Amino acid sequence: MFKLSLEVSRAILNGQPVVALESTVITHGLPRPQNLELAQSLEAIVRQAGAIPATIAVIDGELCVGLDAAQLETLASNPHVRKLSSRDLAAAVAQKASGGTTVAATLRIAASTRIRVFATGGIGGVHRGSQWDVSADLPELARQPLVLVCAGAKAILDLPATLEQFETLGVPVVGYGTDAYPAFYSVDSGLATSNRVEDAAGVAALARTHWQLGGGGVLLAAPPPAETAIPRDEVEGWIVQAQAEADAQGIRGQAVSPFLLARVAELSGGRSLQANLALLKNNAKIAAEVAKELAEANMSHA
Ligand code: PSU
Ligand code: MN
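Summary of the structure given here. Since the structure is predicted, the reported quantities are computational estimates derived from the model, not experimental observations.

In this section: the pairing of strand 3 (residues 52-59). Buried residues dominate strand 3, accounting for eight of its eight residues. In terms of strand pairing, strand 2 (residues 18-21) meets strand 3 through four bridges, oriented parallel. Residue pairing in the sheet places Val 19 in a bridge with Pro 53 of strand 3. Where strand 3 and strand 4 (residues 62-65) come together, four bridges link them in antiparallel fashion. Following the sheet pairing, Ile 56 is matched in strand 4 by Val 65.

Pasting the structure below:
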């Protein structure tokens, strides 16, 4: 059922730093051709920073950890692949299907292979105006002992409600060099993180202690790069419009987040896409630094 690339399985066995990368952002989160370019550059960034990238996806029913160039291309170019959350994995395996794994599904697969650090853009959360559309990313993060590096939750969501959920679930929301909880495209959501750390060593120390106490995931919230970040007030108008259109068109379930992200990209004249790409890259680099710190700490304890 699991298929680790040789490089990733070696790295895990040798205690080298590994960074998991999700694939729904490739299959459903970004337009072509930026999706493939982004997937390739995230892997390059992780390598340059001294860690091994492990892009996770389901291909022909196998839970793949570490993809080769051809697999990445197929995933990015096939418009019919599934969006796979935690609940969808078993069916995809049984039916030998392919798909991009969400943060939730990626967390589950990464944890099974003992990967401890994962980079994404923005985590899912509580959707606006819908008490029950809560991403499976939240309970899964609470369960799996990983550091998830993101720029907060996607701004299309109800951010205060999402933060409340993290508290309920016992997930530390740690600001990376900031007290402000970022809002994906924006540096500051107007909400606060629960803790702050200054560097990767601080994250690693906090995460190890959290795990010793029986905790699961740690959300590391990194502000998006300032050059492409968009002020909150500007983004809000596009989101309100996109959400109204989604409601009017009856967009539901798994289709909601991809619809909103694509519509906000259009309404912003591509600015939100530039911000999204930049923050994904920024998060990959930070994740590699955290993975290195955790690997070093493990070595010194061994
Ligand atoms: N981050 C991005 N773009 C994305 C996602 C994250 O910058 O498209 C994906 C992740 O895979 C996340 C998913 O798990 O969106 C959330 O989907 P939903 O709201 O349906 O749970
Ligand atoms: Mn949902």
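A word on unusual backbone geometry. Note the cis peptide between Arg 32 and Pro 33, where omega equals 0°. On the secondary structure map, Pro 33 appears in the loop between helix 2 (24-29) and helix 3 (34-48). Despite not being glycine, Asp 60 shows a phi value in the positive range, around 50°. For Lys 96, which is not glycine, the phi torsion reads 50° and is therefore positive. Mapped onto the elements, Lys 96 comes out in the loop between helix 5 (89-94) and strand 6 (99-101). You can call Lys 96 exposed: its relative accessible area is 61%.

A few words on the packing of aromatic side chains. Enumeration over the complete set of coordinates arrives at one aromatic pair. The interplanar angle of 50° and the centroid separation of 4.7 Å between the aromatic rings of Phe 184 and Tyr 185 together place this pair among those described as tilted. Looking at Phe 184, the relative accessible area reads 2%, which means it is buried. For the cation-ring pair, Arg 116 lies above Trp 211, with the distance from its terminal atom to the ring centre recorded as 5.9 Å.

It is worth spelling out the site of ligand 1 at this point. Surveying the vicinity of ligand 1 reveals 18 residues, the closest of which are Glu 22, Lys 83, Ser 135, Lys 154 and Ser 257. Contact distances for ligand 1 include 2.7 Å between an oxygen atom and a side-chain N or O atom of Ser 135. Of all the cavities here, the one that holds ligand 1 is the largest pocket. Elements with a minimum of two residues in the shell around ligand 1: helix 2 and helix 11 (256-267). In terms of residue count, the dominant contributor to the shell around ligand 1 is helix 2 (three residues). Residue composition of the shell around ligand 1, by class: four nonpolar, 10 polar and four charged.

Thresholds, definitions, all that
Each chain has its residues counted from 1, following the order in which its sequence is written. A letter from A marks each chain and a number from 1 marks each ligand, given out in the order of writing. Residues qualify for local features only when their pLDDT is at least 70, as the model is predicted, and side-chain atom pairs are given and counted only at 80 or more; totals for whole chains, interfaces and linings, by contrast, use all residues. To get the side-chain values, all heavy atoms of the structure are used, and hydrogens and water are removed first. Only protein chains enter the area calculation, which uses a 1.4 Å probe; residues under 20% of their type maximum are buried, those over 50% are exposed, and those in between are partly exposed. Every helix listed is a DSSP run of H or I at least four residues long, and every strand listed is a run of E at least two residues long, numbered separately from the N terminus. Strand pairing requires that DSSP identify at least two bridges connecting the strands. For Phe, Tyr and Trp, where Trp contributes only its six-membered ring, two rings pair if their centres lie within 6.5 Å, and the inter-plane angle classes them as stacked under 30 degrees, edge-to-face over 60, or tilted in between. Note on criteria: charge over ring means Lys NZ or Arg CZ within 6 Å of the ring centre, with the direction from the centre no more than 35 degrees off the ring normal. Whether a residue is near a molecule or strand is decided by its heavy atoms; if any one of them lies within 4 Å of it, the residue is near. Contacts described as polar in this section are N or O atom pairs within 3.5 Å, which, within protein, must combine one atom able to donate a hydrogen with one able to accept it, while residues neighboring in sequence count only if both atoms come from side chains. The rule is simple: put a 1 Å grid over the protein atoms alone, call a set of points where a 1.4 Å probe fits but cannot get out a cavity, call an open set with protein on both sides within 12 Å along at least five of seven lines a pocket, and count a residue as lining if it has an atom within 4 Å of a point. Assignment of a molecule to a cavity or pocket requires that more than half of its atoms lie within 2 Å of the corresponding grid points. Residue polarity is assigned by list, with Asp, Glu, Lys and Arg as charged and Ala, Val, Leu, Ile, Met, Phe, Trp, Tyr, Cys and Pro as nonpolar; anything else, Gly included, falls into the polar class.

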